[in-house]
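Secondary and tertiary structure notes
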Amino acid sequence: DDWDRRAMNTLLVDYVCPKALEDNYQYSSDSNYLNPPAGKYNDYLEYLKTWPIQPHPEAFGLHENADITCAQNEVKRLFEVILSLQPRVSAGGGMKREDIIDQTAEGILEKCPSPWLMLDIQKMYPVMYAESQNTVLQQECIRYNKLLVVIKQTLLDVRKALKGLIVMSAELDALSTSLFNNQVPGMWEGKAYPSLKPLVLWVEDLQKRCHFVQDWIDNGIPTTFWISGFFFPQAFLTGNLQNFARKNKIGIDTVSLEFVNQTMEHTDIKERKPDGAIIWGMFVEGARWDIPQNSLVESRAKELFTPYVPIWLSPIQHRPKPDPAVTLMCPCYKVLTRKGTLSTTGHSTNFVTTIEVPTNINPDHWIKRGVALFLALAY
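Summary of the structure given here.

Cut-offs and rules
Residues numbered from 1 in each chain as written. Predicted model: local features only at pLDDT ≥ 70, side-chain atom pairs only at ≥ 80, totals over all residues. Heavy atoms only, no water. Core = buried A, V, L, I, M, F, W, Y, C linked by side-chain atoms within 4.5 Å. Buried < 20%, exposed > 50% of the residue type's maximum accessible area, 1.4 Å probe, protein only. Helix = DSSP H or I, 4+ residues; strand = E, 2+ residues; numbered from the N terminus. Contact = heavy atoms within 4.5 Å. Pairing = 2+ DSSP bridges. Polar contact = N/O pair within 3.5 Å; in protein donor to acceptor, adjacent residues only side chain to side chain. Expected span 1.5 Å × (residues − 1). Arc of directions from axis to C-beta. Salt bridge = Lys/Arg side-chain N within 4 Å of Asp/Glu carboxyl O. 1 Å grid on protein atoms, 1.4 Å probe; cavity = no way out; pocket = protein on both sides within 12 Å on 5 of 7 lines; lining within 4 Å. Points joined across faces, edges and corners; volume = space filled by probe spheres on them. Nonpolar A, V, L, I, M, F, W, Y, C, P; charged D, E, K, R; others polar. Axes fitted to C-alpha atoms, helices over the stretch in contact; angles between N-to-C directions.

**Re the nonpolar core**
- Membership of the largest hydrophobic core comes to 71 residues, with the highest contact counts inside it found for Leu179, Trp188, Trp202 and Phe236.
- If one sorts the elements of this core by residue count, helix α6 (residues 132-162) sits on top with eleven residues.
- For leucine 179, the contacting residues outside a window of four places in its chain are Ile101, Thr104, Ala105, Ile108, Leu155, Val158, Pro185, Trp188 and Leu199.

Structure (structure tokens):
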């Protein structure tokens, strides 16, 4: 995609340039990788042998934390394979497999909130020309309702199937295996938002999301918005543009969002902005945000992800383009996989939007670092 193309072009600039023809040209900040002097074939082979067998992440422009991420992903894949190969019959003492599945299903049913009554929501927050966020709230409730109904019905069915009251179909068998392995069942993933969390954390996250929506219903439009709590955050972003365009009676295609980083926690923000909205709940990988410098700075060792500051999405008409020398065009994704498929709405299932992030050094440095924002982590 375009982000891959940008990363490749940024990397190629260091390799395909006039300086690369000079002896001892340094390809990256890792001093091991220098351009060898002109010589014969065997000279080059001998020179290559002096390079480390395990290349340091810095050789590719990445932070040393990339080694940790790589190792974690390898171990995760290994354990997923091991988990899929475990026997279906429990041996020895302890609870039986069926009992564990039944107990897990019962626990999720107790935690799972009830679907919202849409007639009540429509009365409290009717579709209005002046307030697009009412429509966003209704759409969120509809999407979460579909998921909650599927969860409750399939859990009731699997408990009946375990007792022999109904037939254990292939779908229910797959669901029971997922419950036993602490994985999100495929039947739910089809109706749910993208997530990489294991089942226990996924259920906790669902509760938090439903609480966010319920709080909106009970107390009116929030002062700040937990962007990670939206099923479809793109609709919320468009709603902000619509409100501004309709309020000022201008074309929505002339309006775009400016990203103003805040210097305080979202809990300290007490007043809602007259235009736009303040969002929070994002995480940054490959760098961290420094409030005093108002810039991206290098990650700390062993700190893979850091919370990002709240952002005021300020709608502006005919906004000038940001200065590319001090602004990183940073992709924002829902989950860590950095890939998605186009849904029926024409939006990606994972990519949310491009956020402009200020930086005191060349943005190319952060592109090589693979800096991106995420709405949710895998834990």
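Resuming the write-up.
**Section: unusual backbone geometry**
- The phi dihedral of asparagine 24 falls on the positive side, at around 60 degrees, and the residue is not glycine.
- Mapping asparagine 24 onto the fold places it in the loop between α1 (2-15) and α2 (41-49).
- Asparagine 24 gets classed as exposed once you look at its relative accessible area, which sits at 51%.
- For histidine 318, which is not glycine, the phi dihedral falls at a positive 45 degrees.

**Digging into the side chain of aspartate 205**
- As for its position among the elements, aspartate 205 is in helix α9 (residues 199-219).
- Residues within four places of aspartate 205 in sequence aside, it is in contact with Tyr193, Lys197 and Trp226.

**Describing the pairing of strand β8 (residues 311-317)**
- Pairing geometry for strand β2 (residues 255-261) and β8, over seven bridges, is antiparallel. Of the residues in β8, the one forming a bridge with leucine 257 is proline 315.
- Taken together, the three bridges between strand β3 (residues 277-280) and β8 define a ladder with antiparallel strand orientation. The residue of β8 that forms the bridge with isoleucine 279 is isoleucine 311.

**Quick word on the environment of glutamate 140**
- Relative to the assigned elements, glutamate 140 resides in helix α6.
- Placed 90 residues apart in sequence, glutamate 140 and phenylalanine 230 show a C-alpha to C-alpha distance of 7.0 Å.
- Residues in contact with glutamate 140, not counting those within four places in the same chain, are Gly229, Phe230, Phe231 and Phe232.
- A distance of 2.6 Å separates a polar side-chain atom of glutamate 140 from the backbone nitrogen of phenylalanine 231.

**Considering helix α4 (residues 97-111)**
- For α4, built from 15 residues, the straight-helix expectation of 21 Å at 1.5 Å per residue is met to within 8% by its first-to-last C-alpha distance of 21 Å.
- Residues of α4 that are buried include every one of Arg97, Ile101, Asp102, Ala105, Ile108 and Leu109, and no others. Taken down its axis, α4 places every buried residue within 130 degrees of arc, on the same side.
- The elements touched by buried residues of α4 are α6, α7 (170-180), α8 (186-189) and α9.

**Concerning the side chain of serine 299**
- Along the chain, serine 299 turns up in the loop between β6 (295-297) and β7 (305-307).
- Residue classification places serine 299 among the buried positions, given a relative accessible area of 10%.
- One polar contact links the side chain of serine 299 to the main-chain amide nitrogen of alanine 287, over a distance of 3.1 Å.

**Some points on the pattern of salt bridges**
- On inspection of all chains with the given rule, the structure shows 13 salt bridges.
- For arginine 369, the salt bridge identified is with glutamate 58, shortest N-O distance 3.2 Å. In this pair, arginine 369 sits in helix α11 (residues 363-369) while glutamate 58 sits in the loop between α2 and α3 (65-84), placing the two residues 311 residues apart along the sequence. This pair shows no difference in class: arginine 369 is buried, exactly as glutamate 58 is.
- Taken together, the shared-partner salt bridges in this structure form one network comprising Glu58, Glu298 and Arg369.

**Let's talk about the layout of surface pockets**
- Here the largest pocket defines a volume of roughly 1,400 Å³.
- Along the walls of the largest pocket sit 45 residues, with Thr69, Asn73, Leu196, Leu336 and Thr337 positioned nearest its centre.
- When contributions to the lining of the largest pocket are tallied by element, the ones reaching two or more residues are α1, α3, β9 (327-333) and α11.
- The greatest single-element share of the lining of the largest pocket, amounting to ten residues, is contributed by α3.
- Of the residues contributing to the lining of the largest pocket, the split by class is 20 nonpolar, 13 polar and twelve charged.
- When residues in the lining of the second largest pocket are grouped by element, the largest group, three residues, is from α6.
- Here the lining of the second largest pocket is composed, by residue class, of ten nonpolar, eleven polar and six charged.

**A short note on the sheet that holds β3**
- Taken together, four strands build an open sheet; the order of strands is β1-β3-β8-β2 and the sheet is mixed. The sheet is open, and its two borders are formed by β1 (224-226) and β2, each paired with just one other strand. The sheet shows a mean angle of 35 degrees between the axes of neighbouring strands, taken without regard to direction.

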